[in-house]
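The lines below spell out each chain.
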Amino acid sequence: MRFKNLFSNSIADDDFEEERPSYLINGEAYIKNDEINHFLQENGIDIQNNQLDRDVFNSIQVVDVSIHASIIKILVDQSHLLKYFDSFEPGSLSVGLVVQDGSIEKQLGYFTSQETQAKIEVNLNTVEAKDRPLEPGTYSVFIQVKYCESTTGKKVVINIPFGDRSLDFISNKVIETELYYFTGKLQIKNKVIYGIDFEHQTLQILNKQMLKINPSKLYGDIKNHTENPGKLYSVFLHHGFPILYNLVKIIPIKHNRIFFASDSREEMGGNFEFLNRELIRQKFEDIHYIFNENQFVPKSMRTFLKFAWLAATSEFIFIEENHNMFESIKLKKGTTLIQTWHAAGAFKTFGYSRLGMPGGPKFDSRAHRYYNNVSVSSKMMVPIYAEAFDMEPEQVEPLGIARTDLFYDNELQNERIQQIKEEYDFMDSGKKVILFAPTFRGGTRKSAHYPFEYLDFQKLYEALHDDYVFLIKVHFNTLNKVTIPVQYADFLYDVSGYRDVNDLMLVSDIMITDYSSVAFEFALLNRPMLFFAFDLADYVSSRGFYFDYDSFVPGKIVTNTNMLTEAILKQDFDEYKISKFRDYFFTYQDGQASKRIVDRFVKKQEEFF
């Protein structure tokens, strides 16, 4: 079976022209051609002796073939097939897509309708059981028609090649992609190259496995492949560290000692940066920091000792998300632990709002239950965060989100904009900037990914590249990276390595997101947003929202790339929704959130209430 590698530039197209079969799909040539008849007979099709089979076979025409990443879309004209509808049992006719690798046949997707055209779409990333990607192999792709004869009750399955036109649909294109699958105990990555099966005049898929591992047995941190800390480390973390803390707990608390602790960042940033600025402005001097890239990266014994000492002697501790080292200890009464949280507002359910749901905490978990105070963006968020953290509402106060102070500091904004332009020289192109900042899919950090196949880079490029650049900033938990084809490299830019998305908002004219909390902060800039929610029904059913998504988001909802580009070209963003959204989720809009948090929780002031 000859396979045309679409990367082969060393062989002239004329050489392939000479190899192309002389017969045409969907015509009498099939009946007269021994080679193709032998193939059809192997697949149970006796076109020579069965008029109805022959009519069905010749009634299917492939109108269009579209391939983007792992998604294959086939448009089939079945108008001629419907002429024979009376010959089939009611409801028995279906048209689908199958792949074959030798004797192995896999059904990918079906279309059952009496419409004149069948639109079949499959995602190779999710075609196997448990939504796993297509198994490795070399597959030929066929249209498959299933029907049951009305007179005899005979069930018939006919596989039909795409036809000679399939060569025109995909020839002379470089089409490759990756298939992926992420869970805590299984990672799969396959390389796929699309080509042409000349023997059968149809699409061919070369699917080679690049990776299949149980990462939990190999790595402590799955994303960065750091060394697995092992069982002894885990035992010490959950049992030895509490003993260590209790030993140093006798050391007195030092007045106004501040401790910033994070298990999700290596450097100063986010809420911590602005709270730290305010503390220094107010002349606090005894400030300490322990930052770790993430909780899966092992800590040294020196770090454990320092952490225990600071946890025991600090009067105030700031964290920005759940920190598992505090779950296993009981802080002294004189210590106040303040949760600043990494997200503004609340889109999707989290914390104890997800009790009993996949990815939610266990009933007896101590996660979140050790906070003394929490600052949120508005009064409307108080009951939501109280439920999520299993706290009393009085412990949750609408003081604001510290990092949003950036949006009211013109001097600092100019510094950040200049910093971004120095790091990314393409920002001086004079084009407008689109920021794509979606959240991840998957229940936990160990399965976090984003399905880039639903964003059609070619359509984005063709529609927008003259006037825009397109920045892609994926959530820091996301395990898979975006691969930008070289032909779009002057339009698409991966800026995921830039930590603080708020800085990127400053240089962005439009933001595209989905279910991410970045929409709350971008609303403070009063700039247009689009919500790319191609999987809304699935996401709602698996994750859940605090509000009705359709009426809640401050922008237009789009579900595919065509809708996305059309909205941008027509400047159709539903911007009127922004002001009400912003006012609902931000009680204060003055750039003084850090001061309020310090004054209230550290200095115990109440004058602004």
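Procedures and definitions
- Residues numbered from 1 in each chain as written.
- Predicted model: local features only at pLDDT ≥ 70, side-chain atom pairs only at ≥ 80, totals over all residues.
- Heavy atoms only, no water.
- Helix = DSSP H or I, 4+ residues; strand = E, 2+ residues; numbered from the N terminus.
- Buried < 20%, exposed > 50% of the residue type's maximum accessible area, 1.4 Å probe, protein only.
- Contact = heavy atoms within 4.5 Å.
- Areas by Shrake-Rupley, 256 points an atom, 1.4 Å probe, with all protein chains shown as cover.
- Axes fitted to C-alpha atoms, helices over the stretch in contact; angles between N-to-C directions.
- Parallel < 35°, antiparallel > 145°, perpendicular 65-115°, else oblique.
- Left-handed = near helix turned anticlockwise from the far one by under 90°.
- Nonpolar A, V, L, I, M, F, W, Y, C, P; charged D, E, K, R; others polar.
- Salt bridge = Lys/Arg side-chain N within 4 Å of Asp/Glu carboxyl O.
- Pairing = 2+ DSSP bridges.
- Core = buried A, V, L, I, M, F, W, Y, C linked by side-chain atoms within 4.5 Å.
- Polar contact = N/O pair within 3.5 Å; in protein donor to acceptor, adjacent residues only side chain to side chain.

Helix and strand content of the protein chain: 20 helices and 22 strands. Counting across all 609 residues of the protein chain, residues that qualify as buried make up 56%. Long-range contacts, defined as pairs at least 24 residues apart, comprise 68% of the intrachain contacts of the protein chain with a sequence gap of at least 6. Accessible surface computed for the protein chain: about 27,700 Å², of which carbon and sulfur atoms make up 49%.

The subject of this paragraph is the packing of helix H7 (residues 230–248) against helix H9 (residues 301–313). H9 packs onto H7 with a crossing angle of 40 degrees between their chain directions and a minimal axis gap of 9 Å. The angle between H7 and H9 places the two elements in the oblique class. Pair H7 / H9 crosses with right-handed handedness. Contact residues: Tyr233, Phe236, Leu237, Phe241, Leu244, Tyr245 and Val248 in H7; Met301, Phe304, Leu305, Phe307, Ala308, Trp309, Ala311 and Ala312 in H9. Residue composition of the contact of H7 with H9, by class: 15 nonpolar, no polar and no charged.

Another aspect to go through is unusual backbone geometry. Negative phi is the rule for most residues except glycine; trans is the rule for most peptide bonds. Of note in the backbone geometry, Asn526 takes a positive phi value of approximately 55 degrees without being a glycine. Tracing the chain through its elements places Asn526 in the loop between helix H15 (518–523) and strand E21 (529–532).

Throughout the structure, instances matching the rule amount to 21 salt bridges. For the salt bridge of Lys577 with Asp574, the shortest nitrogen-to-oxygen distance reads 3.7 Å. A single network of salt bridges, built from pairs that share partners, joins Glu273, Arg277, Arg416 and Asp503.

With that out of the way, let us pick up the sheet that holds strand E18 (residues 468–472). On the basis of which strands lie adjacent, the open sheet formed by six strands has the order E19-E18-E17-E20-E21-E22 and parallel pairing. The two strands at the open ends of the sheet, each matched to only one other strand, are strand E19 (492–494) and strand E22 (556–558). Here the average twist between neighbouring strands, direction ignored, is 25 degrees. As paired strands, E18 and E19 are joined by three bridges and run parallel to one another.

Turning our attention to the nonpolar core. In this structure, Phe318, Phe326, Tyr371, Tyr385, Phe389 and Met505 are the most contacted members of the largest nonpolar core, which totals 101 residues. Membership of the second largest hydrophobic core comes to 43 residues, among which are Leu81, Ile160, Ile175 and Leu203.

With respect to the helices and strands, the residue Gln413 is situated in helix H12 (residues 410–423). On the accessibility criterion, Gln413 (13% relative accessible area) is buried. Linking Gln413 and Val507, residues 94 residues apart in sequence, is a C-alpha distance of 9.6 Å. Looking at Gln413, its side chain comes within polar contact range of the main-chain oxygen of Phe407, at 3.2 Å.

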